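Here are the chains, one letter per residue:
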Amino acid sequence: MSTPFVVAVDGPSGSGKSSTARGVATRLSLAYLDTGAMYRAVTWALLQRGTDLGDPAAIARDAVDLRLESGTDPQAPTIAVDGADVSEAVRGDDVNAHVSPVAAVPEVRSMLVDQQRAIIAEATGGIVVEGRDIGSTVAPDAPVKVFLVADAQARAARRAAERGGADEAATAASLAARDAIDSTRATSPLTRADGAVQIDGTHLTLDEVVDAVVQLVEEARTT
Ligand SMILES: Nc1ncnc2c1ncn2[C@@H]1O[C@H](COP(=O)(O)OP(=O)(O)O)[C@@H](O)[C@H]1O
Ligand SMILES: Nc1ccn([C@H]2C[C@H](O)[C@@H](COP(=O)(O)OP(=O)(O)O)O2)c(=O)n1
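- The protein chain goes by Cytidylate kinase in an unreviewed UniProt entry, where it is assigned to Aeromicrobium erythreum.
- A UniProt comment under Sequence similarities (unreviewed entry) is attached to the protein chain, and it reads "Belongs to the cytidylate kinase family. Type 1 subfamily."

This is the structure:
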């Protein structure tokens, strides 16, 4: 069986990965996988369990038997853990504050990377996958790799607006704290992968960013 066509979209928090990836997948009738939602779901479940999130060994021990299910429809993506749909719950402040240390635990990463590769293998019609390490680690052979960036101020303003006018300075601080941990952890840190095309969406509309990625896909399909 041939390997599914993968579009890898990586970048820092709030750079537009989810909106772009969903837009591209919808436009091209591809599946969509939000790997950040998987790290968020593990964090949510460990918070519910009362796991000591300052203790990587406790995180690894309690995460190992969690059962995640990712819905890959770009127009209605979902994430469930042990049968409960947590698509909304994983966006809360508590998860935002704890997800980066959880995502830094090697056992959590290897468990989720295995699951992500299994989902990709089943996406025979092609899939857009977004996260931090897709082009570098999860799907290094992806024919299209995008590294999406935007100014810190634009990212904070957009994320605060999305959250109903949340405080912009507090949102900026939360994004910066996560980016710092995500970029410096030992295991597959956020980085621009070999072969990734960097797109700066600061002064582009969402449609323009989607157009740019669709163009990269069309170029890759004709070469
Ligand atoms: N190019 C853009 N122009 C304006 N707003 C954007 C653009 N890209 C994304 N957004 C908005 O910014 C917010 C964060 O985008 P999102 O896709 O959730 O980022 P990420 O997945 O990287 O965290 C969302 O409210 C989204 O609608
Ligand atoms: N492939 C991935 C995806 C996300 N993560 C981690 C790092 C991020 O801070 C959290 C949450 O990711 P998510 O993409 O949902 O975050 P944003 O929507 O960009 O704010 O998970 C990761 O380590 N590797």
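Let's pick the thread back up.
**What to know about unusual backbone geometry**
- With a phi angle near 45°, D82 is a residue other than glycine that sits in the positive phi range.
- By the element assignment, D82 lies in the loop between β4 (78-81) and β5 (84-85).
- For D82, a count of 13 C-beta atoms within 10 Å puts it in the partly exposed group.
- The backbone of S188 sits at a positive phi, close to 35°, despite the residue not being glycine.
- Tracing the chain through its elements places S188 in the loop between α8 (168-184) and β8 (197-200).
- The exposure class assigned to S188 is buried, which follows from the 20 C-beta atoms found within 10 Å.

**Things to note about the sheet that holds strand β3 (residues 68-71)**
- One open sheet holds the three strands; their spatial order is β3-β4-β5, and the pairing between them is antiparallel. Whereas interior strands pair on both sides, the edge strands pair on one side only; in this sheet they are β3 and β5.
- Here two bridges tie β4 to β5, and the two strands are oriented antiparallel to one another. Its bridge partner being in β5, V81 is matched across the sheet by A84.

**Considering the site of ligand 1**
- G16, S18, S19, R158 and E162 are the nearest of the 16 residues found near ligand 1.
- Secondary-structure elements contributing two or more residues to the shell around ligand 1 are α1 (17-28), α7 (152-162) and α9 (206-221).
- Of the residues in the shell around ligand 1, the class split is three nonpolar, nine polar and four charged.

**Comments concerning the pairing of strand β1 (residues 6-10)**
- Among the five residues of β1, five are classified as buried, and the element is accordingly described as predominantly covered.
- Residues V6, A8 and D10 of β1 are buried on one face, and the alternating residues V7 and V9, pointing to the opposite face, are buried as well.
- Where β1 and strand β6 (residues 127-131) come together, five bridges link them in parallel fashion. Note on β6: the bridge partner recorded for D10 is G131.
- Here four bridges tie β1 to strand β7 (residues 144-149), and the two strands are oriented parallel to one another. Within the sheet, the bridge partner assigned to V9 lies in β7 and is V146.

**Examining the UniProt feature "binding site: ATP" (unreviewed entry) in the protein chain**
- Listed under "binding site: ATP" (unreviewed entry) in the UniProt record, and renumbered for this structure, are G11, P12, S13, G14, S15, G16, K17, S18 and S19.
- By the secondary structure assignment, P12 is in the loop between β1 and α1.
- Setting aside residues no more than four positions away along its own chain, S13 makes contact with R155, L175, R178 and D179.

Reading the values: the criteria
Residues numbered from 1 in each chain as written. Chains lettered and ligands numbered in written order. Predicted model: local features only at pLDDT ≥ 70, side-chain atom pairs only at ≥ 80, totals over all residues. UniProt positions renumbered as here; feature names shortened; annotations may be inferred. Helix = DSSP H or I, 4+ residues; strand = E, 2+ residues; numbered from the N terminus. Buried ≥ 20, exposed ≤ 12 C-beta atoms within 10 Å, placed from the backbone. Pairing = 2+ DSSP bridges. Near = placed C-beta within 6 Å. Nonpolar A, V, L, I, M, F, W, Y, C, P; charged D, E, K, R; others polar. Contact = placed C-beta atoms within 7 Å.

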